Amino acid sequence: MESDLRRLHPLSWLFLTVSFAKGLIVPLLFVLFASGSNPWARYELFGAVFIVPVLVGALIKQRVFSYRFEADELTIRDGVLTRNERSIPYDRIHNVAVVRNPFHRLLGVASVRIETAGGGAPEAILRVLGLGAVDELRQQTLEPRTGARREVTVSDETTDAPWADRGESRLLEIPPLDLIKLGLATGPGIVLALAAGYLYQLQWWEFDWIDTSKWLQGQSPEWLEWLLQSGSLGSRFLLGCLVVLLVVVLLRSASAAWHLLKYWNFTLARKGDDLRTDYGMLTNVSLVIPVHRIQLVTVRASVLHRWFRRATVEFESAGSSDAGSDLDAQLGAAASPSRRQFLAPMLEPTEATSLLSRVVPDFSPESVVWQPLSARARRRLLGRTVKLVVPLTVLLVVALELTARFHWIPSVQALWLPLLVLPYSYFNTTGWLRHAGWGLSDRAVFYRSGWLKRSVSMVPFSRIQSVSQVASFFDRRRDMATISVDTAGAGTLGHRIQIPYLDSSVADEIHRRLFAAAAATEFDW
Amino acid sequence: MTSEEPNTSAPAQAETEPAETPLVPEAETERFESPPILLPAGDQPVDPRTITLHRWVGLLSLLIPSAILFLVLTLTWLFGGLPGSVYGSLVTGLGLPIVALGLWLWHWPVLHYRHLRYRVDRLGLRIHRGVVWRRSISVPTTRVQHTDVTQGPWQRRYSLATLTVHTAGTQGASISLAGLEHETALRLRDHLMTSRDHGE
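Here is what the cut-offs are and how they apply
Residues numbered from 1 in each chain as written. Chains lettered and ligands numbered in written order. Predicted model: local features only at pLDDT ≥ 70, side-chain atom pairs only at ≥ 80, totals over all residues. Heavy atoms only, no water. Helix = DSSP H or I, 4+ residues; strand = E, 2+ residues; numbered from the N terminus. Buried < 20%, exposed > 50% of the residue type's maximum accessible area, 1.4 Å probe, protein only. Contact = heavy atoms within 4.5 Å. Pairing = 2+ DSSP bridges. Axes fitted to C-alpha atoms, helices over the stretch in contact; angles between N-to-C directions. pLDDT = per-residue confidence, 0-100.

A. Structural detail: the environment of Gly439 of chain A. All names here are of chain A. Relative to the assigned elements, Gly439 resides in strand S16 (residues 437–440). A relative accessible area of 0% means that Gly439 is categorised as buried. Between the C-alpha atom of Gly439 and that of Trp370, which follows or precedes it by 69 residues, the distance is 4.6 Å. Excluding anything up to four places from it in sequence, Gly439 contacts Val368, Val369, Trp370, Ala444, Val445 and Phe446.

Printed below as a string of structure tokens:
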């Protein structure tokens, strides 16, 4: 075998120490707190007990860890007592994820994760490699698939970005302004804000109004003072709304800043059969995704997205985890709940369509003929709300009547429930059904749904693993069914092909077609 | 199909070249030669002995714990730990639900059996099941990664087996069909694997 052993970067022990130490943080803190009144005296001891073995362990690991490029597979050797030799066939490698935080960049190295179809945890983590070695690893592992396998060549040149621009075409670049918009549009925003607002409301009755208003006096405009001083219910409600608004704005701004940092300089490039995304200001992430490993694409747009005239394009690929999260990447990535990655974080909707047509033509929504859900779905959904709300209201009225002696809320107030819920339900249902639908192109199945937050998902026939059709008890009463499609590497979160409220004859037909179409195609790992 | 039949891209697809993964109607899918193993056509029930099996398993898992319970109660009563009236009401209070449950466990396997149908053809495996929630799942032969035929100790007694089909999917990563006659399970397995190889 002409290919010889490769080792980790000489400075690997530094990063290995850090990663080992992270695993020890919890016991370390525990000991620190458990040691009671005089922890200061023991710091050196902790150092000796924890850091020294960790350091030694890291040095040993660096010494024993080696890898080798065989003809068809990457072989990784590891382990001191239990020797482990793992072989990863090149054609099973789905992704080589390169993560660089500021320390990595300072020292000119990178952490590399090798991911296969197995989902969950990465197959191997190489912590850390020099950039030349990263480049070589990528060539060796990802190129045999696309073309003739190259000879093993180690380039001595250590340029700043050794893997840049080798027959690559850059597909898109996201400007900072769009990243800010992305942060504003997604964010941890609305849920947190609502929760905060709710908490605020809970304490609201015990709030020291006089003090606060005194404190606010002089530094607030007149209308606010008026609001604070009149302790009426309406003004408190207004004030509550203001606070909620403020919290929303704050959280959204924080989210915008975070997205700006995390996805800074997001670029999508294509080289042969591989897509590559690069992003990140502090921690630079670079992912290589073979196009044929993409299983599902979702284009989504919230209200703010549409206000900005933008959409977000995400994809799921078999076996890759979200390398975007620094914490995950450095802790070796337990599978994150959603394995979705951005194909394009923020893009004009028309551009999104053309991007899909160019990059992943199987997913292109251009030739879809959209079909609505069952015409009887509206009646069913509205009927369900009424059937829930009316008895609840009656119950509430009865309960208020019974407790009228002890409580000041007149039972008429119970009517707020249907008055608020029914119109909301009406608009929500009608809106949702107006935008929900399914469709087939000559290569893929599509499903769209959502009212305020709209999503369109698409799965080519060749990526369908199985088709299932479910009719619940309620479905059967109305002769309806749900069709869903299983794909490889599906996360637990996110929009997928799951088409509810179909007339069962239509569901049968979709099922039959999808089954036949999937059976007629090959699934390509 | 009714007039609500979805107007999909079937006509459009005829214009594009047929090499592109077309929406093939069942009859046109002649990509595999006629299956090498003779299979019954249409939807098939599983082996009826599965009813007996389910009844036994269900009843035993109910009867053994309840027998122990009654034994303990009776002994406690006999040795004076429980007043007779309490014992009597406990026995009826527990006995009636147990009898009802027993009847249900006797009847349920029949319902389960009646609503379990499968079909293996050129396209793949289809399973319909569910009494209250009706599910049907289709696995194309081209997506079968590997298959298992397993026999539990009880199943062996009735020469029944479970066929499990594994795909690269997520929720449907393994789909199993219990209650097949062992021979049938092996035949289905062979069919799925050979037509998969033909397809490759």
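B. Spatial organisation of the sheet that holds strand S5 (residues 146–150) of chain B. All names here are of chain B. Pairing is antiparallel across the open sheet formed by 3 strands, whose spatial order is S5-S6-S7. Either end of the sheet is taken by a strand with one partner, and the two such strands are S5 and strand S7 (174–181). On average, adjacent strands in this sheet sit at an angle of 20 degrees to one another, irrespective of strand direction. Judged from the 6 bridges that link them, strand S6 (residues 160–166) and S7 form a sheet pairing that is antiparallel. For Val165, the partnering residue across the bridge sits in S7 and is Ile175.

C. Geometry of the sheet that holds strand S4 (residues 84–89) of chain A. All names here are of chain A. Reading across from one edge, S1-S2-S3-S4 is the order of the 4 strands in this open sheet, with antiparallel pairing throughout. This sheet does not close on itself; its edge strands, each paired only once, are strand S1 (6–7) and S4. For strand S3 (residues 73–78) and S4, the ladder comprises 6 bridges, and the chain directions are antiparallel. Looking across to S4, one finds that Leu74 is bridged to Ile88.

D. How the structure looks around the confidence of the model for chain B. Taken residue by residue, chain B gives an average pLDDT of 80. The fraction at 70 or more is 78%. Within the model, pLDDT remains below 50 along residues 1–35 of chain B, and this stretch shows 64 contacts once partners closer than five positions in the same chain are excluded.

E. The arrangement of unusual backbone geometry in detail. Look at the link from Arg127 of chain A to Val128 of chain A: it is a cis peptide, with omega at -5 degrees. By secondary structure assignment, the location of Val128 of chain A is in strand S7 (residues 124–130). Notably, Ser159 of chain B is not glycine yet its phi reads approximately 45 degrees, a positive angle. Along the chain, the position of Ser159 of chain B falls in the loop between helix H4 (153–157) and S6.

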